[in-house]
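Reading the structure
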Amino acid sequence: MAHKSSEGRIKELAGRLRPGPGFWTLQRHSNAVRYLLAVVLSLLVGCLLFLQQGENPLYATYVMFQGGLANIVNIGTSIRWATPCLIAGAAVVIAFLSGFQNMGIEGQMLVGALAAGIVGYKVSLPHIPHLLLCFLAAGLAGALYALLPALMRLYLNISELLVTIMLNFIAEFGTYYIVYWILMGGTRSNTGAAAIKTEDILESAEMGTLIKGTTASTAFLFGLILLVVLQVVYKRTVIGYEAVQIGQNMEYARAGGVNVVKRFFQIFLCSGFVAGLCGGMEVCGSYHYFLANFPGNLGWEVFMVANAARYDPIALIFISCIWGVMKSGSLQLERVTTLTRYSVNIIQMLFILFVAVDYVGLYQKYKDRARVRREKKPAAKEGNQA
Amino acid sequence: MTEYALTMTGIRKTFGSLVANDDVDLYVRLGTIHAVIGENGAGKSTLMSILSGVQRADRGTISLGGRPVEIRSPTDAVAHGIGMVYQEFMQYPGLTVLDNILMGYEQKKGPFIDRRGARKRLGEICRKYCFQIPLDSPVEKLPVALLQQVEIVKVLYRDARILILDEPTSVLTPQGIEGLFEALRNLKAQGKTILIITHKLKEVLSIADDITVLKDGRVTGRLTAAEADEPMLARLMVGRDVMLQADKLPCHPGEELLRVENLAVKDTVGVERVKRVNLTVRAGEIVGICGIAGSGENELVAAIVGLADAEKGSRILLKGEDITALSVADRRARGMGYVPQDRNRMGVNRQGSLWETTLMGHHIASGLFRQPLINKKEARSFSQDVVRNFGVKAQSINDRVGALSGGNVQKLVVGREFSDHYQLMVMEDPTRGIDIGAIEFIWKEIIRYAADGAGVLLVSHELNEVMQLSDRILVMHNGSLLELENGRDLTEKEIGLYMLGGAEYGSQVQ
């Protein structure tokens, strides 16, 4: 049909005005452009920062990439830091894709990690069962820790957002307390080390390393598999379909017959379980003991990482890897230049910022604007002649 | 010589390759009520957003009182005396009416807000135009009709000389509409110029002086209300003859499908909104319930479909089976479909694709949800059937629902529910805020659906719709249901009295 129906035209129009892709219609090719541009832009701004700090920006950038990718050991370090991003990011995706605000990833990670740490050295079992028991303990601890806010949401209608944030602090100091006063008996360890940590886990509870000489563990593979599985769940299964629909419009899902309360419980606890598991894998895979407050900023960064991936499991894999490279690059930067890791931290945040930009939409907007300007010119001339 | 308050000439607005307004001319005489009508997607909204500064035209001129002006932003529009009353009210819950009106245009005394001065001015405005609004009550406590008046007072407070009302009657009851028209006539009498965007022809003819008809971005008619009639306007809007009367098929009621006994429902704050009502729906009949907004009709429907809990002692039976305690999913699986009132909030997922939205509910009714994996093939073919059979204008079932026009979204929801072989269909306002072409289509579908042997419970705020379609008419008033024995013979006004005053008031009719 040469002449488009008015509805068709409006539809096109609306599509252009709001290009934010829904989960199902996400266009991956534009994602690649977005990530690349975000990396380049954040590095450009980062260079200014390096310059201001009195370092050669090109050299600093080089060092950063070298630290992240130059050799197998550095890649291992990158992988090590990408791993918690992957798994905790998955926990965020699970909750947020359905619109449930589990801000308590950090707390759930901590209790999960402590559970795995304790099981790791107190229980003696053959390798595989011991590992599985550690994971189970970690996951259950995380899920239980998510249970409280879920119940408070359901029965008292208290925002899960607030409760989970508060529980993060309780977890941070609670685990600290348990480790220092109960497990360590209130004294620093007999070696005089300052760290508040549990005893090393038994060798049977350690995960295999991926790259020798680094702390990159098989947890990375687990994270990859987990996200691919999530992707399949969201794309192919009924429960995934319902989870996505709830997240995009809960009222409509309810009217359609989805048991929103049940799904809320399942999804929230599942998110807590995965977060706890992430903590457990940090202990079994990288640290090999529970270290008080080990996640540091990670508990917050994962929200940004997952958001930058727009809660898409596959995109999350890429962003986590970029994140890991930057993190490991920042450590290298600190070692060989006068810069601190905080400079890279700023670049990481800039990256998140630039990833959020809708470049395709921007491009479209400016193209439209230029076209209007072009169209206006001849019109103005005609007006003058008349 | 006629004096024009507003002229728009040669307005053209394109979005990429599509032309939303194509050489549109609009002449609005000073001190008149001018209606701009057209189907959804005809370009009314674009034209108005150009006038109110939200969008800028590619070409064309706007003159106010004969002087060409340039409107670059909404603030510009306000400064030029153009006041927009939107379909969705822009009000902040938690603030009082007064503060909502002042928001953004606060009268100041030094660094402070001069509430006393503002109150005085608002009092004058209300007196002058005969509005009665409680300035100090929080906005969320106000009924819809009053909220709309608040919006009108707000633009008057901003010294609007030209008022634009976007679909002002879509949220109102017949009585509320009368009240609004009264207010508009008052405004007109005081010299204001009013522009109404609508697609309801009856109302256009009763209130407007001049009419401009838009279709596909072009003006297809420019006439005075005196020389226009409904079929003529409909033809100009749609481009063909349109049914304005439903061709109701004779009804042969069969077995009883739904029986509601002694139903009571409380709302979230514990007020009893439905007070022990009884109701039956048989196979093949359309039972219409009308009532003014807030008379308990929403709670009644919510309880029937399973979205709200019924109080103790209530019984809801579907085909003889007690379903009072069952979930929405169980009721769907047993053959109860539901077209919710607010399609965007409860009917569809605007961010998702067409097929996702059509799958919702169907995946339960068809038993698909019992399998762990989505049967994509089935889901897609079901979705394609809905889109094809119900004339949803979309390029593919992967399109975003949010990109569809209101009428098409509604067709999608109705189509989804009607394609599922439910025996009982509960519908709330199935044609709210959509254009005549789509209304005609959906009415036909409802009639055919009932004729095929299903029962339909139709709850609508559109009295005309209930009267056109129903075999039996029930009036909901203050939580009670009243069956009108001779409902189909009553006039709109008479039923309106029942809606307002219940049985006692309504009995004066006979």
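Residues numbered from 1 in each chain as written. Chains lettered and ligands numbered in written order. Predicted model: local features only at pLDDT ≥ 70, side-chain atom pairs only at ≥ 80, totals over all residues.

**Some remarks on the overall build of chain B**
Secondary structure summary: chain B contains 18 helices and 22 strands in total. When the backbone C-alpha atoms are referred to their principal axes, chain B occupies close to 70 × 50 × 50 Å. Of the contacts formed within chain B by residues at least 6 apart in sequence, a portion of 69% connects residues at least 24 apart. (Helix = DSSP H or I, 4+ residues; strand = E, 2+ residues; numbered from the N terminus. Contact = placed C-beta atoms within 7 Å.)

**Some remarks on the overall build of chain A**
When helices and strands are tallied, chain A shows 15 helices and 0 strands. Residues counted as buried form 47% of the 386 residues belonging to chain A. The contacts in chain A between residues at least 6 apart in sequence include a share of 78% that link residues at least 24 apart. (Buried ≥ 20, exposed ≤ 12 C-beta atoms within 10 Å, placed from the backbone.)

**A closer look at the nonpolar core**
Core analysis: the biggest nonpolar cluster contains 252 residues, and Ala88(A), Leu163(B) and Val456(B) have the highest contact counts within it. Among the elements that take part in this core, helix 4 (residues 72-97) of chain A stands out by supplying 14 residues, more than any other. The two domains that each donate at least three residues to this core are domain 1 (4-238) and domain 2 (256-507) of chain B. Those residues in contact with Val456(B) that sit more than four places away from it in its chain are Ile286(B), Val287(B), Met425(B), Met427(B), Ile446(B), Tyr449(B) and Ala450(B). (Core = buried A, V, L, I, M, F, W, Y, C linked by C-beta atoms within 7 Å. Domains from an automatic or database assignment.)

**Section: helix 12 (residues 298-308) of chain A**
Residue and element names in this part refer to chain A. Burial analysis of helix 12 places 8 of its 11 residues in the buried class, the great majority of the element. Considered for burial, the residues of helix 12 that qualify are Leu-298, Gly-299, Glu-301, Val-302, Met-304, Val-305, Ala-306 and Ala-308. Where the residues of helix 12 are buried, they touch helix 4, helix 5 (105-122), helix 7 (160-183), helix 13 (313-336) and helix 14 (341-355). Following helix 12 by one or two positions, Arg-310 adopts a phi angle in the positive range, close to 50 degrees.

**Let's talk about the sheet that holds strand 10 (residues 193-198) of chain B**
All names here are of chain B. Pairing is mixed in the open sheet, where 6 strands are placed in the order 6-9-10-3-11-12. Only two strands of the sheet have a single neighbouring strand rather than two, namely strand 6 (82-85) and strand 12 (218-224). Here the strands of the sheet are splayed against their neighbours by 20 degrees on average, with no regard to which way each runs. Pairing geometry for strand 3 (residues 33-37) and strand 10, over 5 bridges, is parallel. (Pairing = 2+ DSSP bridges. Axes fitted to C-alpha atoms, helices over the stretch in contact; angles between N-to-C directions.)

**Comments concerning the pairing of strand 22 (residues 480-484) of chain B**
All names here are of chain B. Bridge analysis of strand 21 (residues 472-477) against strand 22 gives 5 bridges, and the strand direction is antiparallel. Residue pairing across strands places Leu-474 opposite Glu-483, the latter belonging to strand 22. Hairpin connection, strand 21 to strand 22: the antiparallel pair is bridged by 2 residues, and Asn-478 has positive phi, about 50 degrees.

**Regarding the packing of helix 6 (residues 127-156) of chain A against helix 11 (residues 260-287) of chain A**
All names here are of chain A. Direction vectors running N to C along helix 6 and helix 11 enclose 140 degrees, while the axes themselves pass 6 Å from each other. Considering the angle they form, helix 6 stands oblique to helix 11. In this structure, helix 6 meets helix 11 at a crossing whose hand is right-handed. The class makeup of the residues in the contact of helix 6 with helix 11 is 19 nonpolar, 7 polar and no charged. (Parallel < 35°, antiparallel > 145°, perpendicular 65-115°, else oblique. Left-handed = near helix turned anticlockwise from the far one by under 90°. Nonpolar A, V, L, I, M, F, W, Y, C, P; charged D, E, K, R; others polar.)

**Comments concerning helix 11 of chain A**
For the α-helix, the turn length of 3.6 residues means that residues three or four positions removed from each other point alike. All names here are of chain A. If you check helix 11, its first and last C-alpha atoms are 39 Å apart, about what 28 residues at 1.5 Å a residue would give, namely 40 Å. With respect to burial, helix 11 is a largely interior element, 21 of its 28 residues being buried. Backbone geometry just downstream of helix 11 places His-288 in the positive-phi region, at approximately 70 degrees. (Expected span 1.5 Å × (residues − 1).)

**Topic: the domain arrangement of chain B**
Residue and element names in this part refer to chain B. Under the domain assignment used here, chain B contains domain 1 (4-238) and domain 2 (256-507). Of the residues lining the interface, 14 residues belong to domain 1; the matching set on domain 2 comes to 17 residues. The dominant element in the side of domain 1 that touches domain 2, judged by the number of residues it contributes, is helix 8 (residues 230-238), at 3 residues. A breakdown of the residues in the side of domain 1 that touches domain 2 according to their chemical character gives 6 nonpolar, 6 polar and 2 charged.

**Topic: the confidence of the model for chain A**
Residue and element names in this part refer to chain A. Taken residue by residue, chain A gives an average pLDDT of 84. The fraction at 70 or more is 87%. Under a pLDDT of 50 for its full length, residues 1-27 has, in the predicted model, 53 contacts with residues more than four places off or in other chains. Note on residues 382-386: pLDDT is under 50 here. Beyond four places in sequence and across chains, it has 0 contacts. (pLDDT = per-residue confidence, 0-100.)

**Digging into the sheet that holds strand 18 (residues 336-339) of chain B**
Residues and elements named next belong to chain B. Read across the sheet, 6 strands follow the order 18-19-20-15-21-22 without closing on themselves; strand pairing throughout is mixed. The two strands at the open ends of the sheet, each matched to only one other strand, are strand 18 and strand 22. Averaged over neighbouring strand pairs, the angle between their axes works out to 20 degrees when direction is ignored. Sheet strands in contact with helix 9 (residues 297-305) are strand 15 (286-290), strand 18, strand 19 (424-428), strand 20 (455-460) and strand 21, and its direction is about 150 degrees off that of strand 19.

**Some words on unusual backbone geometry**
Residues and elements named next belong to chain B. Of note in this structure, Lys-319 is not a glycine but carries a positive phi near 50 degrees. Looking at the secondary structure, you find Lys-319 in the loop between strand 16 (315-318) and strand 17 (321-322). Phi angles above zero are rare outside glycine, and His-421 is one such case at about 60 degrees. Within the secondary structure, His-421 sits in the loop between helix 15 (406-418) and strand 19.

**A word on the environment of Glu334(A)**
Residue and element names in this part refer to chain A. Checked against the element boundaries, Glu-334 lands in helix 13. Taking the C-alpha atoms as reference points, Glu-334 and Val-344, separated by 10 residues in sequence, lie 9.5 Å from one another. The contacts of Glu-334, once residues within four sequence positions are left out, are Leu-339, Thr-340 and Arg-341.

**Here we look at the environment of Leu144(A)**
Within the secondary structure, Leu144(A) is located in helix 6. Residue class for Leu144(A) comes out partly exposed when judged on the 17 C-beta atoms lying within 10 Å of it.

**Focus: the environment of Ile439(B)**
Relative to the elements of secondary structure, Ile439(B) occurs in helix 16 (residues 436-451). Sequence separation of Ile439(B) and Ile304(B) is 135 residues, and the distance between their C-alpha atoms is 25 Å.

**With respect to the packing of helix 6 of chain A against helix 7 of chain A**
Residue and element names in this part refer to chain A. Between helix 6 and helix 7, the shortest axis-to-axis distance is 9 Å and the interhelical angle comes to 150 degrees. Between helix 6 and helix 7, the angle is such that the two are roughly antiparallel. Both helix 6 and helix 7 take part in a crossing whose hand is right-handed. Of helix 7, the residues touching helix 6 (which contributes Tyr-145, Leu-148, Pro-149, Ala-150, Met-152 and Arg-153) are Glu-160, Val-163, Thr-164, Leu-167 and Ala-171. Counted by class, the contact of helix 6 with helix 7 contains 8 nonpolar, 1 polar and 2 charged residues.

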